[in-house]
Amino acid sequence: MFTCRNQACEAQWEPSDVVIKNEGQGLLFRCPMCGARNYVTRHKSPGGEITYEQVQDIPPYGKQ
Ligand SMILES: [Zn+2]
């Protein structure tokens, strides 16, 4: 579960609700509600499953 880091929004999303892509500053998804950039890191399990973890401590590169 991801939580939008825009404090005026804080909507929660399942990974399947959002599109994760790389806009040049790392992997992120845009909140479907407010459009804020939310950064994630990708992890690959030993079984080959890809999971994403939201990054909480990244500077706000992309203000709206
Ligand atoms: Zn949002």
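Please read these numbers as outputs of a predicted model, since none were measured by experiment.

1. What about the side chain of Asn38?
- Relative to the helices and strands, Asn38 is located in strand β5 (residues 37-44).
- A polar contact is formed between the side chain of Asn38 and the backbone nitrogen of Arg5, at a distance of 2.7 Å.
- In this structure, Asn38 is in contact with Thr3, Cys4, Arg5, Leu27, Leu28, Phe29, Cys31 and Gln54, ignoring residues within four places of it in sequence.

2. Points about the coordination of the zinc ion
- Looking at the zinc ion, the protein donor atoms are Cys4 (SG), Cys9 (SG), Cys31 (SG) and Cys34 (SG), and they sit 2.3 to 2.4 Å from it.
- All donor residues of the zinc ion come from one chain, and their arrangement in sequence is C-x4-C-x21-C-x2-C. One end of the pair, Cys9, is in the loop between β1 (2-3) and β2 (12-13); the other, Cys31, is in the loop between β4 (27-30) and β5, and 22 residues separate them in sequence.

3. Quick look at the pairing of β5
- Where β4 meets β5, three bridges bridge the pair, whose relative direction is antiparallel. Bridged to Leu28 within β5 is Tyr39.
- Hairpin connection, β4 to β5: the antiparallel pair is bridged by six residues, and Gly35 has positive phi, about 85 degrees.
- Of the pairings in the sheet, the one linking β5 to strand β6 (residues 50-54) comprises five bridges and is antiparallel in character. Bridge assignment links Val40 to a residue of β6, and that residue is Gln54.
- Taking the residues between adjacent antiparallel strands as the criterion, β5 and β6 are bridged by five residues, where Gly48 takes a positive phi near 90 degrees.

4. Notes on the nonpolar core
- Core analysis: the biggest nonpolar cluster contains nine residues, these being Phe2, Cys4, Ala11, Trp13, Val18, Phe29, Cys31, Ala36 and Val40.
- Each residue touching Cys4, except ones within four places of it in the same chain, is listed here: Cys9, Glu10, Ala11, Trp13, Cys31, Cys34, Ala36 and Asn38.

5. Considerations on the packing of aromatic side chains
- Going through the model one piece at a time under the given rule, you end up with one aromatic pair.
- Consider the rings of Phe2 and Phe29, whose centres lie 4.9 Å apart with planes at 25 degrees: the pair is stacked. Of this pair, Phe2 sits in strand β1 while Phe29 sits in strand β4, and the two are 27 residues apart along the sequence. Pair check on accessibility: Phe2 and Phe29 agree, each one buried.

Rules used throughout
- Residues numbered from 1 in each chain as written.
- Predicted model: local features only at pLDDT ≥ 70, side-chain atom pairs only at ≥ 80, totals over all residues.
- Heavy atoms only, no water.
- Helix = DSSP H or I, 4+ residues; strand = E, 2+ residues; numbered from the N terminus.
- Polar contact = N/O pair within 3.5 Å; in protein donor to acceptor, adjacent residues only side chain to side chain.
- Contact = heavy atoms within 4.5 Å.
- Donors = N, O, S within 2.8 Å, 3.2 Å for Na, K, Ca; no water.
- Pairing = 2+ DSSP bridges.
- Core = buried A, V, L, I, M, F, W, Y, C linked by side-chain atoms within 4.5 Å.
- Buried < 20%, exposed > 50% of the residue type's maximum accessible area, 1.4 Å probe, protein only.
- Phe/Tyr/Trp six-rings, centres within 6.5 Å; stacked < 30°, edge-to-face > 60°.

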